[in-house]
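Topology and contacts: notes
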Amino acid sequence: FVAVFSMVGYAIHVQYRGEKHDLNFDTDDLTVGQVKDAIEQNLSVPKSAQQIICAGRKWVGIAFSDDTPVADAARGKCKEVMGVKSLTLMLTPMGGAIVDKTPELAKIEEEVSQIRKELDSLTTSSSPEMFSKGEKLVIDLMSEASI
């Protein structure tokens, strides 16, 4: 007697920040929204900041709404092994968004704090020269922070 197990579902491999993250789903009716929810939960990237690329195509717009089946979105790019569909996605945050508390975010918070301190020190009662110097410093700090 040989037992045969019927496996179904998806194995989604997400490339993000140079690392591969595996997401497994026990359904054949997987939707783009479910994938985005799992990415948000497991990788801390908000749905609104996700840019998903599959086989060179971005999953954006009405053609890739949350209720779009992954099978349709992938357009034949799934490999199937023993009933499990395997798909590789690339994830990048939209607009270079920082999506978790990283050293980058801490640096930005520190720069904003320094800019606020400088702005608070500027007063209209300062001499025009001092006000102009302070204004230039704030502009320089804001320029550096925006890079």
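Please refer to the structure placed before this passage.
Below is a short write-up of the structure. Just so it is clear, the structure is predicted and the values come from calculations on it, not from any experiment. (Residues numbered from 1 in each chain as written. Predicted model: local features only at pLDDT ≥ 70, side-chain atom pairs only at ≥ 80, totals over all residues. Heavy atoms only, no water.)

The pairing of strand β1 (residues 9–16) with strand β6 (residues 84–93) spans seven bridges and is classified as parallel. Bridging across to β6, Gly9 finds its partner in Val84. In this structure, strand β5 (residues 79–81) lies alongside β6, joined through three bridges in antiparallel fashion. Bridged to Lys79 within β6 is Ser86. (Pairing = 2+ DSSP bridges. Helix = DSSP H or I, 4+ residues; strand = E, 2+ residues; numbered from the N terminus.)

The final tally for this structure, using the stated rule, is one aromatic pair. Geometrically, the ring pair formed by Trp59 and Phe64 is stacked, given 6.2 Å between the ring centres and 10 degrees between the ring planes. According to the relative accessible area criterion, Phe64 is buried, its value standing at 6%. Lys85 extends its terminal NZ or CZ atom over the ring of Tyr10, reaching a point 5.4 Å from the ring centre. (Phe/Tyr/Trp six-rings, centres within 6.5 Å; stacked < 30°, edge-to-face > 60°. Buried < 20%, exposed > 50% of the residue type's maximum accessible area, 1.4 Å probe, protein only. Lys NZ or Arg CZ within 6 Å of the ring centre and 35° of its normal.)

If a strand is regular, its side chains alternate between the two faces of the sheet. The pairing of β1 with strand β2 (residues 19–25) spans seven bridges and is antiparallel. Paired with Ala11 across the bridge in β2 is Asn24. Hairpin connection between β1 and β2: a loop of two residues separates the two successive antiparallel strands, and Arg17 in this loop has a positive phi of roughly 55 degrees.

To continue, consider the nonpolar core. Ranked by internal contacts, the top residues of the largest apolar core, which has 23 residues, are Ile12, Ile39 and Trp59. Listing elements by their share of this core, those giving two or more residues are β1, β2, α1 (32–43), β3 (50–54), α2 (70–74) and β6. Per element, the largest residue contribution to this core is five residues, and it comes from α1. If we ignore the near neighbours within four places in the chain, the residues touching Trp59 are Val32, Lys36, Ile52, Cys54, Phe64, Val70, Ala73, Ala74, Leu87 and Leu89. (Core = buried A, V, L, I, M, F, W, Y, C linked by side-chain atoms within 4.5 Å. Contact = heavy atoms within 4.5 Å.)

The topology assignment puts Lys36 in helix α1. Dropping the residues within four chain positions of it, Lys36 is found in contact with Lys47, Gln50, Ile52, Trp59, Phe64 and Asp66.

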